[in-house]
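Structural description and commentary
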Amino acid sequence: MEQPRDLSSDIDMSRPSAARVYDYFLGGAHNFEVDRQLAEQIASLTPNLADTMRAGRAFLRRAVRYIAAEGVDQYLDIGSGIPTVGNVHEVARAANPASRVVYVDVDPVAVMHSRSILEGDEQTVVLEGDLRDPERILADTRKQALLDFDRPIAVLLAGVVHFLPDADRPAEVIASLRAAVGPGSFLVISHSTYEDQPQEMLDAQKLSKRTATEITLRSHAEISSYFGDFALVDPGLVHLPLWRPESPGDVDEHPERFGAFGGVGRAG
């Protein structure tokens with residue numbers, strides 16, 4: 001894909017973007033050569049990484065289907081990337097055509113492409129925002145008046161919290177988001193882990209330092225703590241393919257190989 005003409009001149013196109021690398025692994029078209037080069041380098045160390053990305057997206061789709069079946073029709077998707085493959089609003093609207101989604105991402109290129117893809121869709125909004133500043137995200141979301149905070153909202157943090165180092169206080173950030181939504185709301189988290197991982201996966205993780213968003217791997221216990229007083233929905237926080245698989249064939253013989261845990265919590 002060629003560089004769009006309307007990109008701001010202060011965007012560093014010489015540096016790969018985590019959102020666009022993710023888009024590449026998912027088979028999307030919204031990525032640049034610098035992103036593809038990093039993706040191929042990572043893939044050379046971890047040949048199953050594309051499968052891991054797809055497992056993460058499949059988990060998100062299952063989580064959204066579950067939440068939609070519980071009657072929730074509002075979604076705040078933070079760290080949304082580029083909604084081209086298995087996107088949240090399409091999955092949610094399959095269950096309820098009235099579903100509304102606010103997409104938030106820190107990457108201005110991802111935001112620009114998302115707005116282009118969703119132009120004219122009055123049930124979605126795309127915001128540029130940094131998870132490290134949850135109050136700003138919440139204020140901007142309220143300003144759009146698309147989501148009703150007096151009703152249940154699903155906050156989606158799929159594959160994004162591991163981009164916050166400990167110095168950015170991820171537990172406090174997520175607590176702010178939990179406090180902003182009311183009873184019956186949901187919190188979805190998928191997060192990379194070092195537990196049960198081979199050395200090649202840990203080595204590939206180090207390549208994330210070449211992007212603006214380095215990955216921090218965390219333990220099952222630490223990721224579980226991010227749900228706070230939200231009750232984890234069965235089967236709890238598990239390796240991605242183990243969260244409510246839709247068929248026996250969806251469960252890999254070694255689900256730990258995907259290197260991430262996923263879970264859904266519900267506010268009482």
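Our structure's up above, just so we're on the same page.
On a predicted model such as this, the values are computed, not experimentally measured, just so you know.

**Overview of the overall build of the protein**
- In terms of helices and strands, the protein carries nine helices and eight strands.
- Per-residue burial over the protein gives 54% buried out of 268 residues.
- Partitioning the intrachain contacts of the protein with sequence separation of at least 6 by distance along the chain shows that 72% fall at a separation of at least 24.

**Structural notes on the packing of aromatic side chains**
- According to the stated counting rule, one finds three aromatic pairs in the structure shown.
- Here Phe59 and Trp243 contribute two aromatic rings whose centre-to-centre distance is 5.7 Å and whose plane-to-plane angle is 90°, an arrangement assigned as edge-to-face. Of this pair, Phe59 sits in helix H3 (residues 49–69) while Trp243 sits in the loop between strand S7 (238–239) and strand S8 (260–266), placing them 184 residues apart in sequence.
- Judged by relative accessible area, which is 0%, Trp243 ranks as buried.

**Describing the nonpolar core**
- The biggest cluster of nonpolar side chains holds 32 residues, and the ones touching the most others in it are Leu76, Ile78, Val102, Leu131, Leu157, Leu187 and Ile189.
- Among the secondary structure elements, those contributing two or more residues to this core are strand S1 (74–78), strand S2 (100–105), strand S3 (124–128), helix H6 (134–144), strand S4 (154–158), helix H7 (170–180) and strand S5 (186–192).
- Counting residues per element, this core draws most heavily on H7, which supplies four residues.
- Excluding anything up to four places from it in sequence, Leu76 contacts Val102, Val104, Leu138, Thr141, Leu147, Ile153, Ala154, Val155 and Leu156.

**Let's talk about the pattern of salt bridges**
- Taken as a whole and judged by the stated rule, the model has eleven salt bridges.
- In this structure, Asp130 and Arg132 form a salt bridge, with 2.5 Å as the shortest nitrogen-oxygen distance.
- Owing to a relative accessible area of 49%, Arg132 belongs among the partly exposed residues under this scheme.
- A salt bridge links Glu172 to Arg169, with the shortest nitrogen-to-oxygen separation between them at 3.0 Å.
- The structure contains a network of salt bridges with shared partners spanning Asp130, Arg132 and Asp168.

**So, the environment of Ile174**
- Mapped onto the fold, Ile174 is located in helix H7.
- Note on Ile174: relative accessible area 1%, which makes it buried.
- Considering only alpha carbons, one finds Ile174 and Arg132, 42 residues apart in sequence, at a separation of 9.4 Å.

**Comments concerning helix H4 (residues 88–95)**
- Looking only at H4, the buried set comprises Val88, His89, Val91 and Ala92. Angular distribution of buried residues about the axis of H4 spans 165°; they occupy a single face of the element. Facing away from the buried side of H4 by over 90 degrees, the exposed positions are Glu90 and Ala94.

**A short note on the environment of Val106**
- Tracing the backbone through its elements, the reader meets Val106 in the loop between S2 and helix H5 (108–117).
- Put simply, Val106 and Ser80 are 26 residues apart on the chain and 9.0 Å apart in space, counted from C-alpha to C-alpha.
- If we ignore the near neighbours within four places in the chain, the residues touching Val106 are Glu128, Gly129 and Asp130.

**So, the environment of Tyr75**
- Here Tyr75 shows up in strand S1.
- The spacing of Tyr75 and Ala154 is 79 residues in sequence and 4.7 Å in space, taken between C-alpha atoms.
- When near neighbours in sequence (up to four residues on either side) are disregarded, Tyr75 contacts Val64, Ile67, Ala68, Val88, Ala92, Ser99, Arg100, Val101, Val102, Leu147, Ala154 and Leu156.
- At 3.1 Å, the side chain of Tyr75 and the backbone oxygen of Val72 are in polar contact.

**What to know about the side chain of Thr124**
- Its place among the elements puts Thr124 in strand S3.
- Within the local environment of Thr124, its side chain forms a polar contact with the backbone oxygen of Asp121, the two atoms lying 3.4 Å apart.
- The contacts of Thr124, once residues within four sequence positions are left out, are His89, Arg93, Val101, Tyr103, Leu118 and Leu146.

**A word on the pairing of S3**
- Of all five residues in S3, four are buried, a share of seventy percent or more.
- In terms of strand pairing, S2 meets S3 through five bridges, oriented parallel. The partner of Tyr103 across the bridge, within S3, is Val126.

Thresholds applied
- Residues numbered from 1 in each chain as written.
- Predicted model: local features only at pLDDT ≥ 70, side-chain atom pairs only at ≥ 80, totals over all residues.
- Heavy atoms only, no water.
- Helix = DSSP H or I, 4+ residues; strand = E, 2+ residues; numbered from the N terminus.
- Buried < 20%, exposed > 50% of the residue type's maximum accessible area, 1.4 Å probe, protein only.
- Contact = heavy atoms within 4.5 Å.
- Phe/Tyr/Trp six-rings, centres within 6.5 Å; stacked < 30°, edge-to-face > 60°.
- Core = buried A, V, L, I, M, F, W, Y, C linked by side-chain atoms within 4.5 Å.
- Salt bridge = Lys/Arg side-chain N within 4 Å of Asp/Glu carboxyl O.
- Arc of directions from axis to C-beta.
- Polar contact = N/O pair within 3.5 Å; in protein donor to acceptor, adjacent residues only side chain to side chain.
- Pairing = 2+ DSSP bridges.

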